[in-house]
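Structural features, examined
One-letter residues, chain by chain:
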Amino acid sequence: MPLRRLLLLATVLAVAAAGLTAVPAVAATTVTVHYKPPAAWSTVNIHYAPNGAAWTAVPGVPMSADRCAGWYTRTLDLGSATGAQVVFNNGTGTWDNHSGANYSIGTGSVTITGGTVTTGDPCTTPTPTPGGNTATVFYSTAGKSWPVTNIHYAPDGEAWTAVPGVPMNETACAGWVKKTVQLGAATGMQAVFTNGTGSWDNNNGANYRIAAGTTKVSGGVVTGGATDPCTAVPPDTSAPSTPAGVTATVDHVTVTLAWTASTDDRGVTGYKILRDPGGTELTSAYNGYIDGSLAPRTAYTYTVRAVDAAGNLSAASAPVTVTTGDAPPLPAGGEMLGGDPRKESVYFVLTARFYDGDSSNNRGGSQHTTSGNAANNDPMFRGDFKGLVDKLDYIKGLGFSAIWITPVVLNRSDYDYHGYHGWDFYRVDPRLESSGASYQDLINAAHAKGLKIYQDVVYNHSSRWGANGLFVPPVWGARDGQWDWMYSSPVPGKQYNPLEENALGRPYNGDLWSTAEPAGNTCRNWGTPTGAKSPEGYTIHNCQWPSPTSGMFPANLYHQCWIGNWEGEDSRSCWLHDDLADLNTENPIVQQYLIGAYNHYIDMGVDGFRVDTAVHIPRVTWNRRFLPALQQRLVQKYGAAKAADFYVFGEVGAFVNDKWNRGSVNHSAQFFTWKERRSYVDNDVQAALDQFNYENTMGTGNQPTSTNAFLNGNAYHAPDHSQFSGMNIIDMRMHMNFGDATNAFLNGKDSDDSVNDATYNAVYVDSHDYGPNKSSTRYAGGTDAWAENMNLMWTFRGVPVLYYGSEIEFQKGARIDCGPTCPLATTGRAYYGDKLQGTVVASGYGVVSSASGQVATTLSQPLVKHLQRLNQIRRAVPALQMGQYSTEGVSGGPMAFKRRYTAGSVDSFALVAISASATFTGVPNGTYTDAVTGDVKVVTNGTLTATVSGKGAMRVYVLGLPGNPAPGKVGSDGPYLR
């Protein structure tokens, strides 16, 4: 209990002991307090002091149950006071004292819950204006564990209910709650929903618009004029109609099926496809299916039956028979380097912001002036593949052996230099390529220098303008005197090319818009004014801008809602943002589009994929569709052994310091490293829901564990990867705690038993998204702290990753991103090329043989020297690359551990102490040599003490073993390693 509270109680007890009472002298003013405790208290007391008067005796006076569930009330006599201080308790030692500040209240009717004081009575529905309109609201509780659901609302033209609204306590059925609201003369209202204790569903900040009548709200989608979801429905015994018009087309060994959709009195839920020979049953949620990787030159016969929710099956369609052709030859492309990805250290660049090798492909875009970039002569697309090719020696000279680059696919938006607004996933963005410096040229040039290319890939979403080759939404537009500047005049046959901009920085978009409603349009209220105005004062129309709830995107290809709960099921099936159209990745058509696109880049020879927004796709979809497809292509190209060297590391954005992301296993990074542990239905949509609910019910305490990252005493043991999903992860927990290296180390250790193999984790301090602790600025902890962080990253388990420029603390403390509202030069995504002017030649990893110009100055910086030596040491000691670790028998410094890697003829054992001295006991006897200083220690009693002093200092004692001598001192002394 806070000190302030203890002093307060002492004063109150003294008053009570003196026989005094806390009754005010004058009984004239009252306040009625409505309170909802943070938990289910069986007794609720209010302990209070009118302003200027004494407190009641502990524990105060009892409150009575209010008229609505979970609430308690008490009317207090304040005498002549106009307010009071109040706290609450359950009579057995649990207090709510507003975190020691007490609650300050006035007179009248007061509501207190979740640490917030408001006025009003939570159990009273506001009196509506005259009229008889009502709104009956059904709210789906699927995926929520709210014991109580309240609706907080405001009829049009009237005030909102008191927070947190009124309970939805009318009789409903499982999975739904219900409330009928009196609207009076109003014909609609705004509403949000809450559990009363701090969790809200406010439609991603937009509130829900609900009209009079019956409305259902489910998964962020409002359905007006709805039927009662709880009405008893007669059993469904009618089968759907028979699928008609089945067609099958062949492309090498892939068969694409299509048919006319069936109808049903209750609705078709999917289709069952029988493939002969073999009697294989396939399933589809839609009237189409892509059957890939079939045997060449083989006849296949397909029949299709529709199924409804009750399991009724239609009659089988007429059979269709096709014969596959030859398997397609793999493109020549390139070939990945191979080798265990844990041997690498990774340099992460935003290609468009790194180095400008060809100014002819620079583009500022429509936001060039408004962003402030024009004033700095700094177009958003400035760096390119030629710039990367030109500076590969700089990256290798730092000691890196792999480069993570941002997405390369053709983007389409107003501010898309980063690459995450993909429009054509099968084409490389021409703003990155040059003559002689295509993407393939970059891959080949990097490989020639022994550098791997890890390509950033996006499966979760496309640009707001859709995905070319999958679906591009028609949008309303008009050259009407207001919007002429925005819309290109349509030209038959002309296509989008971002290299061709008009005077306003806009590429051709005449292929997107139409004033007249196009045939087959599904966007609601086509072209009607919304009532809103643009910043210029122009009228905005419906269907002018893409939106998930407008009907503009087909539900079979794109999801139809906004995320409301970032740890809920909807975070995997709704839009993240208005310029990121969320793909329906459970649809086989979408799956094949993405699989085909990324197979293309595998064929080009990239060495791995960094998977963007991986958490927003169900794990079962990754495990069932995308990850097996990657492996299939890799094995086809390289064989099983080399295919395993392809490094897949996913971004599972868990921006909390917890081991499990707010208790949701489905949204925790380590969850994605595991295979499924039970079978689910064939339908991917239902399978995703079933998997989400099953794993959340199992909870954090029943998730699989692993010893793959840990030594057994001093011994390395063969890891068990039998349950590995195929996706490694960015170590979000270490990232969130890298404000201090010790915290990152301790938090990383705490999570490692729940990761399939944490030695494959990608580890970084900051990135293009966040700094530690979800900071919006680039890391600014100081040079010594950077050196210490790097020591940990380069010697602890995992693959070290450095964001471009961090080697000189580039843009430290700068806001990482502010979109087009400020110049890129002022952000953490600033152009780096000015630091790289000149020439540089690397003769090895971390070894620069010559440098001139500004790049020579850059390479002379203290962190650069530190980084070069760390890379040299790590490459010389296999245990630091691939070893398991242990802190058993380690005392002293908080960051000290032992690591070992044993495979074939390699046996490497090392003791690491960072920033402070440490003693290692129970280690093998023998001769140890420090890779930092060359100091030799002969251990005869199983104990070694490493003496370390100073932030950024380190010792790495390597045991000499038969056939595996210690490397001795590696590299030259630097500012920290000496």
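The rules behind the values
- All chains use their own residue numbering, which begins from 1 and follows the written sequence.
- Residue-level local features of this predicted model are given only where pLDDT is at least 70; pairs of side-chain atoms are given and counted only at 80 or more, and the full residue set underlies all totals for whole chains, interfaces and linings.
- Each side-chain value is derived from all of the structure's non-hydrogen atoms; neither hydrogens nor water enter the calculation.
- For two strands to be treated as a pair, DSSP must find no fewer than two bridges joining them.
- Secondary structure elements follow DSSP: runs of H or I of four or more residues count as helices, runs of E of two or more count as strands, with numbering from the N terminus.
- The angle between two axes is taken between their N-to-C directions and runs from 0 to 180 degrees, where each axis is a line fitted to C-alpha atoms and a helix contributes only its stretch in contact.
- In this scheme, the bend at a residue equals the angle between the axes fitted to the seven residues that finish there and the seven that begin there.
- In predicted models, pLDDT denotes the confidence assigned by the predictor to each residue on a 0 to 100 scale.
- By definition in these notes, contact holds between two residues if any of their heavy atoms fall within 4.5 Å.
- Criterion for a salt bridge: a side-chain nitrogen of Lys or Arg within 4 Å of a carboxyl oxygen of Asp or Glu.
- Only protein chains enter the accessibility calculation, which uses a 1.4 Å probe. A residue is then buried if its area is under 20% of the maximum for its type, exposed if over 50%, and partly exposed in between.
- In this analysis, rings of Phe, Tyr and Trp, with Trp reduced to its six-membered ring, are considered paired at centre separations within 6.5 Å, and the interplanar angle assigns stacked below 30 degrees, edge-to-face beyond 60, and tilted for intermediate values.
- For the purposes of this section, nonpolar cores are sets of buried Ala, Val, Leu, Ile, Met, Phe, Trp, Tyr and Cys residues that join through side-chain atoms within 4.5 Å.
- Defined by distance alone, a disulfide is two cysteine sulfur atoms within 2.5 Å.

**A look at the sheet that holds strand S19 (residues 221-224)**
The strand order S14-S11-S18-S19 describes an open sheet built from four strands, whose pairing is mixed. Among the strands making up the open sheet, the edge pair consists of strand S14 (176-184) and S19. Going from strand to strand, the sheet's axes swing by 20° on average, the running direction of each strand aside. Direction of pairing for strand S18 (residues 213-218) relative to S19: antiparallel, over a ladder of four bridges. Across the sheet, residue valine 217 finds its bridge partner in S19, namely valine 222.

**Details of helix H7 (residues 619-638)**
The largest bend in H7 is about 30°, located at leucine 627, with the proline proline 628 one to four residues further on. A positive backbone phi angle near 90° is found at glycine 639, which sits one or two residues after H7.

**Some remarks on the confidence of the model for the protein chain**
Overall, the prediction assigns the protein chain a mean pLDDT of 92, with 96% of residues at 70 or greater. Confidence drops under a pLDDT of 50 for residues 1-27, and excluding neighbours within four residues, the segment shows 36 contacts in the predicted structure.

**A few points about the pattern of salt bridges**
Oppositely charged side chains are able to pair whenever their charged atoms sit close together. Inspection of the entire model under this criterion finds 41 salt bridges. Ionic pairing is found between arginine 275 and aspartate 291, a salt bridge with its closest N-O pair at 2.7 Å. Within this pair, whereas arginine 275 is found in strand S22 (residues 268-276), its partner aspartate 291 is found in strand S24 (residues 288-291), the two being separated by 16 residues in sequence. Judged by relative accessible area, which is 5%, aspartate 291 ranks as buried. The partner of aspartate 578 in a salt bridge is arginine 464, and the shortest N-O contact between them spans 3.9 Å.

**Looking at the side chain of threonine 929**
Along the chain, the position of threonine 929 falls in strand S49 (residues 926-930). By relative accessible area, threonine 929 is classed as buried at 12%. Setting aside chain neighbours within four positions, we find threonine 929 in contact with Gly934, Asp935, Val936, Val956, Tyr957, Val958, Ala966 and Gly968.

**Re the sheet that holds strand S39 (residues 647-650)**
With respect to topology, eight strands assemble into an open sheet ordered S40-S39-S38-S31-S28-S27-S42-S41, the strand pairing being parallel. In the strand order of this sheet, the two ends are held by strand S40 (728-729) and strand S41 (762-763), each with one partner. Inspection of the sheet shows strand S28 (residues 402-405) paired to strand S31 (residues 452-458) by four bridges, in the parallel sense. When the bridges of S31 are listed, isoleucine 405 appears paired with glutamine 455. Where helix H12 (residues 783-795) meets the sheet, it contacts S41 and strand S42 (799-803), and its direction lies at approximately 145° from that of S42.

**Here's the deal with the packing of aromatic side chains**
Tallied over the entire structure, the rule returns 57 aromatic pairs. Where tryptophan 622 meets phenylalanine 626, the ring centres are 5.4 Å apart and the plane angle is 65°; that geometry is what we call edge-to-face. With tryptophan 622 and phenylalanine 626 both in helix H7, this residue pair falls four residues apart, about one helical turn. Side by side, tryptophan 622 and phenylalanine 626 carry an identical accessibility label, which is buried. Measuring from ring centre to ring centre gives 6.4 Å for phenylalanine 909 and tyrosine 928, while their planes differ by 65°; the resulting arrangement is edge-to-face. Of this pair, phenylalanine 909 sits in strand S48 (residues 906-921) while tyrosine 928 sits in strand S49, and the two are 19 residues apart along the sequence. Each member of the pair phenylalanine 909 and tyrosine 928 is classed as buried.

**A word on the nonpolar core**
Phe354, Tyr394, Tyr439, Tyr459, Phe609 and Leu792 are the most contacted members of the largest nonpolar core, which has 160 residues in total. The dominant element in this core, judged by the number of residues it contributes, is helix H6 (residues 588-604), at nine residues. Once residues lying within four places of it in the same chain are set aside, the contact partners of phenylalanine 609 are Gln455, Val457, Tyr459, Tyr598, Tyr601, Ile602, Leu630, Phe646, Tyr647, Val648 and Phe649. Within the second largest apolar cluster, 20 residues are counted, among which are Val31, Val33, Ile46 and Ile105.

**Structural notes on unusual backbone geometry**
Apart from glycine, the bulk of residues carry a negative phi angle, and the bulk of peptide bonds sit in the trans form. Geometrically, the link from valine 58 to proline 59 is a cis peptide bond, its omega value of 10° lying close to zero. Within the element layout of this structure, proline 59 appears in the loop between strand S2 (45-50) and strand S3 (61-62). Here the residue pair aspartate 276 and proline 277 is connected by a cis peptide bond, since its omega of 5° sits within 30 degrees of zero. If you trace the backbone, proline 277 turns up in the loop between S22 and strand S23 (280-284). One non-glycine residue, asparagine 377, lies in positive phi territory at about 50°. Among the secondary structure elements, asparagine 377 is positioned in the loop between helix H2 (351-354) and helix H3 (385-390).

**Remarks on the pairing of strand S21 (residues 254-260)**
On S21, burial follows the alternation: Val255, Leu257 and Trp259 on one face are buried, whereas Thr254, Thr256, Ala258 and Thr260 on the facing-out side are not. Alignment of strand S20 (residues 244-251) against S21, held across six bridges, turns out to be antiparallel. Pairing of aspartate 251 across the sheet is with threonine 254, part of S21. Hairpin remark: S20 followed by S21, antiparallel, with two residues in the connecting loop; positive phi at histidine 252, about 55°. The pairing of S21 with S24 spans four bridges and is antiparallel.

**Notes on the state of the cysteines**
Taken as a whole and assessed by the stated rule, the structure comprises five disulfides. At a sulfur-sulfur separation of 1.9 Å, the disulfide partner of cysteine 561 is cysteine 574. The sign of the -85° torsion about the S-S bond sets the cysteine 561-cysteine 574 disulfide as left-handed. In this pair, cysteine 561 is assigned in the loop between strand S36 (539-541) and strand S37 (580-582) and cysteine 574 in the loop between S36 and S37, connecting sequence segments 13 residues apart.

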